[in-house]
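# Reading the structure
Chain by chain, the residues:
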Amino acid sequence: MDPLLSGEIGLTEVLIVLLKVVVSFAALMVGVMLMVWFERKLVADMQNRIGPNRAGPFGLLQTLADGIKLFFKEDLQPERSDPFVFKLAPYLSLVPAFLVFTVIPIAGNFSDGNDGVVTLLGHETLMQVANPQMGILFVLAMSSVAVYGVMLAGWSSGSKYPLLGSVRASAQMVSYEAALGLSVASVLLLAGTLTTNGIVAEQSGWRWNLWMTLLVPFVVFVIAATAELNRPPFDLVEAEQELVGGFHTEYSSIRFALFFLAEFMNTVTMSAVIVTLFLGGPEGPIPSGAPGWVQDYLLPLTYFFGKLFIFLFVFVWFRATLPRFRYDQLMDLGWKFLIPLALGWFLILTSLKVAEDQGWNPVVAVAVTAAVVVVGAVLLRSSIRAASGDDLDDVTADVAAGGES
Amino acid sequence: MRVEVFTFLVAGAICVGGALGVVLFRNPVHNALSLVATLFGVAVLFIAQEAYFLAAIQVIVYAGAIVILFLFVIMLLGVDQAEAIERDPFRLRRTITVLGGAVLLAGSVAILLAAGQRTTGREAATAPLDPAVPDVERLGRAIFTDYVFAFEITALLLTVAVVGAVVLTRRSTGTPIDLEEFPDGSAYDVWVSDHPGALVDEDTADADADADGEDGSGDDATDTGDADGQDDESADSEVTS
């Protein structure tokens, strides 16, 4: 709970909350603008092109120019579309993207067991818009709401390519949410709390979940997050060669801009979630002699955005490097590899935790659990092989050789 | 007006409006969206009762997974055109539904009026709870100690349901047939010999559905065993699809 809201609520408190909302919204919008420019520029560099370089220094204002252009274009609505849902869908995409950012702690002193409380206008508060008790579950809830935006956009367009794109999207996003949730569970097991503030505070002093959970949940989360964002190499939702533009084929003008904005906003917020969950958010070494504003704002903000930048770079790097997955490969990776892996790893971490609580020998506990996981993996593998029909190859060969049988 | 009352009124209005929308809209997708509105209203009511975990689960599981699956099925089956309910062949079904709904409504109103505050959960809400312990912890303790058997049995039930669904959808036992391997048109005979018992009549009764509706029973089971020609057709389309 935010200490700001625990006492009497007066005008100042309301104003502080409003200030935080406005500042975080503005920061996110500027961040998205820079992210679009950064992505285009970096992909251009990786492909030996120049990229945007006309509007403003280094083409920095290109996104703004594109936004203005889109804003003044004609807003088309297909005749066979569903008018209400067609207009609703872009907002269902955009609003969750922003709401996720509200629970991300972006500053505050978390070193040496501090809990990130800062003093703003004479009031103690946290550097996040809200710190609800459900914390990280809110992030998962919003990412499941975001599915509606994509899905309804495709359906309401009343056209076949958007519909195909949205059916793909919803299946993909629902599938990967499972892997996402299971890797978050490993983090929650260590943190012992759902609040984002608590998760960051628990990682203070270099006890980052990145290595405290032994790397595997991190890898699963990054892959699942990429799929959840519909970014390359998992961008089957808008595979140009197959689906024209995917779910937003029929959208134009400002409504298309909203989808575009939501996509990049989601990239930024998902990177922020990764930083919060696995890299300790704004946590980092802070000299105790420094003045208060350096301890509370400058250094943590620098750490946070530095870590954020790493993941933004990685997402662009993925896009420039990896070819798109086929749809069955995507589903195989999610259901047959990531989910069992995250579940098995969760089991191992749980056994470690129970052994620690009960005073058992951790080596024995982990060895027994690992044996169980291996047996489970072998069973899973054999069942997948049985289901895929590899053992039917002989029959097919017979039929093919004999012609009529 | 106190904030709690205001929250309750707004969320309650969304719930009731959504529920009405589920029943009254003609388009299945609009029905499903109304259901989402109701689920969100309930989630807000959960938060007003400080049951944060339940609220999050409500959104993640119901809005995020179950209604998505509803929509998925609606879109895939292409039943998203507004149906002409007047031509519904099963008139008796409508009557039964309306009657059943009315009985349910009357019954719940009667129980609510008779039992008063005992049904609204007020007693449970006023029971002593330690506000320092998060509701996740309380819920976890309850589920994994007092109600652990109910929890495990539910998990088993879901597993059985999943296994059942997989078994039902994986009926075909033989190899799939590639038509190009049989240019002489013998693919159908090969398929039949590979799939003994696969030609139990199905989906052939659709043509007679309207006629069935007249007697109000809507029973499809009686008219199986159609002419062979029709069987061939349906089986062939199954081969090619």
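Coordinates for the structure precede this section.
Residues numbered from 1 in each chain as written. Chains lettered and ligands numbered in written order. Predicted model: local features only at pLDDT ≥ 70, side-chain atom pairs only at ≥ 80, totals over all residues. Heavy atoms only, no water.

### Things to note about the nonpolar core
Among the nonpolar cores identified, the biggest contains 106 residues, and Ile136, Tyr148, Phe221, Val273, Ile274 and Leu277 of chain A are the most heavily contacted of them. Broken down by element, the residue count for this core peaks at 15 residues, all from helix α4 (residues 136-156) of chain A. Not counting residues up to four positions away in its chain, the partners in contact with Tyr148 of chain A are Leu92 and Ala153 of chain A together with Leu33, Val36, Ala63, Val67, Ile68 and Leu71 of chain B. (Core = buried A, V, L, I, M, F, W, Y, C linked by side-chain atoms within 4.5 Å. Buried < 20%, exposed > 50% of the residue type's maximum accessible area, 1.4 Å probe, protein only. Helix = DSSP H or I, 4+ residues; strand = E, 2+ residues; numbered from the N terminus. Contact = heavy atoms within 4.5 Å.)

### What to know about helix α1 (residues 11-46) of chain A
If you check α1 of chain A, its first and last C-alpha atoms are 51 Å apart, about what 36 residues at 1.5 Å a residue would give, namely 52 Å. Asn48 of chain A sits one or two residues past α1 of chain A and shows a positive phi near 60°. (Expected span 1.5 Å × (residues − 1).)

### Observations regarding the pattern of salt bridges
All names here are of chain A. Scanning the model with the defined rule gives ten salt bridges over all chains in all. Two residues, Arg231 and Glu39, come together in a salt bridge whose shortest N-O distance is 3.0 Å. Of this pair, Arg231 sits in the loop between α8 (216-228) and α9 (240-243) while Glu39 sits in helix α1, and the two are 192 residues apart along the sequence. Glu39 shares its class with Arg231; the two are buried. Note that Arg326 is salt-bridged to Asp328, the shortest N-O span being 2.9 Å. Connected via shared salt-bridge partners are Glu39, Arg231 and Arg319. (Salt bridge = Lys/Arg side-chain N within 4 Å of Asp/Glu carboxyl O.)

### Overview of helix α13 (residues 362-388) of chain A
Taking 1.5 Å of rise per residue, the 27 residues of α13 of chain A would be expected to cover 39 Å, and the 38 Å separating its terminal C-alpha atoms lies within 8% of that figure. N-capping of α13 of chain A is provided by Asn361 of chain A, with a side-chain oxygen placed 3.1 Å from the backbone N of Val363 of chain A. (Polar contact = N/O pair within 3.5 Å; in protein donor to acceptor, adjacent residues only side chain to side chain.)

### Some details on empty space enclosed by the protein
All names here are of chain A. Tallying each qualifying case throughout the model produces two cavities of 30 Å³ or more. Counted as a void, the largest cavity has a volume near 300 Å³. Ala146, Met173, Glu228, Leu229 and Asn266 are the residues nearest the centre of the largest cavity, which is lined by 23 residues in total. Elements that contribute at least two residues to the lining of the largest cavity include exactly α3 (83-101), α4 and α10 (253-278). In terms of residue count, α10 provides more of the lining of the largest cavity than any other element does, seven residues in total. Of the residues in the lining of the largest cavity, the class split is 14 nonpolar, six polar and three charged. By volume, the second largest cavity is sized at about 40 Å³. Taken together, Ile136, Val139, Leu140, Leu180, Val184, Phe221, Met270, Val273 and Leu277 form the lining of the second largest cavity. Looking at the lining of the second largest cavity, the elements with two or more residues in it are α4, α5 (160-191) and α10. Partitioning the lining of the second largest cavity into residue classes produces nine nonpolar, no polar and no charged. (1 Å grid on protein atoms, 1.4 Å probe; cavity = no way out; pocket = protein on both sides within 12 Å on 5 of 7 lines; lining within 4 Å. Points joined across faces, edges and corners; volume = space filled by probe spheres on them. Nonpolar A, V, L, I, M, F, W, Y, C, P; charged D, E, K, R; others polar.)

By themselves, these figures tell us nothing about what the structure is for.
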